[in-house]
Amino acid sequence: MTDISIYHNPACGTSRNVLAMIRNSGVEPTVIEYLKNPPSTEQIKAWLSAMGATVRQVLREKGTPYAELDLAHPKWTDEQLLDFIQQHPILLNRPFVITPLGVRLCRPSEVVLDILPNPQQGPFIKEDGEVVVDAGGHRV
């Protein structure tokens, strides 16, 4: 059992890069496909508290019903926004990673490096060709 979890969407390049960086640190995380197994409202609240973030900061606009639901309107309370996330999990941005060192919404993907307990085991190049970690395992 690992002490690192990733709320993952395999269709998302950022999420795939984050998962690969976790594995490059020598750890096989617990992978939760968040669209199939959405986090509870209580989990999301705990993550937001740990990160010092707001619900609005973790909402995803692109490829979601964000605009059609008019979620940019300030009339929506945090509780209402969390209810929308429960109804439409795609509204929750991803990937979220939970480690003993903290919780992060890993956008951009290299944010995950800040909370991984183990160093990178070698180079890492994102799917788009961007070098993130050099051959010595150091962040570029």
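Because the structure is predicted, anything quoted here is derived from the model rather than measured.

A. Geometry of the pattern of salt bridges. As enumerated under the stated definition, the model contains seven salt bridges in all. The partner of Glu 127 in a salt bridge is Arg 16, and the shortest N-O contact between them spans 2.7 Å. Residue Glu 127 is located in the loop between strand S5 (124-125) and strand S6 (131-133), and its partner Arg 16 is located in helix H1 (residues 13-24); the two are separated by 111 residues in the primary sequence. Given the relative accessible area of 49%, Glu 127 is considered partly exposed. When its relative accessible area of 32% is taken as the criterion, Arg 16 is described as partly exposed.

B. Focus on the side chain of Asn 9. Tracing the sequence through the fold places Asn 9 in the loop between strand S1 (5-8) and H1. Here Asn 9 falls in the buried class, since its relative accessible area comes to 8%.

C. Representation of the packing of helix H2 (residues 41-51) against helix H3 (residues 78-87) within the structure. Running from N to C, H2 and H3 point in directions that differ by 125 degrees, and their axes come no closer than 10 Å. The orientation of H2 relative to H3 falls into the category oblique. Handedness of the crossing formed by H2 with H3: right-handed. Between H2, through Thr 41, Ile 44 and Lys 45, and H3, the contact on the second element is made entirely by Glu 79, Leu 82, Ile 85 and Gln 86. Looking at the contact of H2 with H3 residue by residue, the class counts come to three nonpolar, two polar and two charged.

D. Region of the structure containing a nonpolar patch on the surface. On the surface, Ile 125, Val 131 and Val 140 cluster together into a nonpolar patch covering about 290 Å² of accessible area. Looking at where Ile 125 falls in the secondary structure, it is placed in strand S5.

E. Broad picture of the state of the cysteines. Overall, the coordinates contain zero disulfides when judged by the stated rule. Unpaired in terms of disulfides, Cys 106 finds its nearest cysteine sulfur in Cys 12, a separation of 11 Å. By relative accessible area, which is 0% here, Cys 106 ends up buried.

F. The packing of aromatic side chains, seen in detail. Under the criterion given, the structure shown has three aromatic pairs. Put simply, the rings of Tyr 7, Trp 47 and Phe 96 touch in pairs and so form one group of aromatic residues.

Calculation notes
Residues numbered from 1 in each chain as written. Predicted model: local features only at pLDDT ≥ 70, side-chain atom pairs only at ≥ 80, totals over all residues. Heavy atoms only, no water. Salt bridge = Lys/Arg side-chain N within 4 Å of Asp/Glu carboxyl O. Helix = DSSP H or I, 4+ residues; strand = E, 2+ residues; numbered from the N terminus. Buried < 20%, exposed > 50% of the residue type's maximum accessible area, 1.4 Å probe, protein only. Axes fitted to C-alpha atoms, helices over the stretch in contact; angles between N-to-C directions. Parallel < 35°, antiparallel > 145°, perpendicular 65-115°, else oblique. Left-handed = near helix turned anticlockwise from the far one by under 90°. Contact = heavy atoms within 4.5 Å. Nonpolar A, V, L, I, M, F, W, Y, C, P; charged D, E, K, R; others polar. Patch = residues over 30% accessible without salt bridge, like charges linked within 9 Å, V, L, I, M, F, W, Y side chains within 5 Å. Areas by Shrake-Rupley, 256 points an atom, 1.4 Å probe, with all protein chains shown as cover. Disulfide = S-S within 2.5 Å. Phe/Tyr/Trp six-rings, centres within 6.5 Å; stacked < 30°, edge-to-face > 60°.

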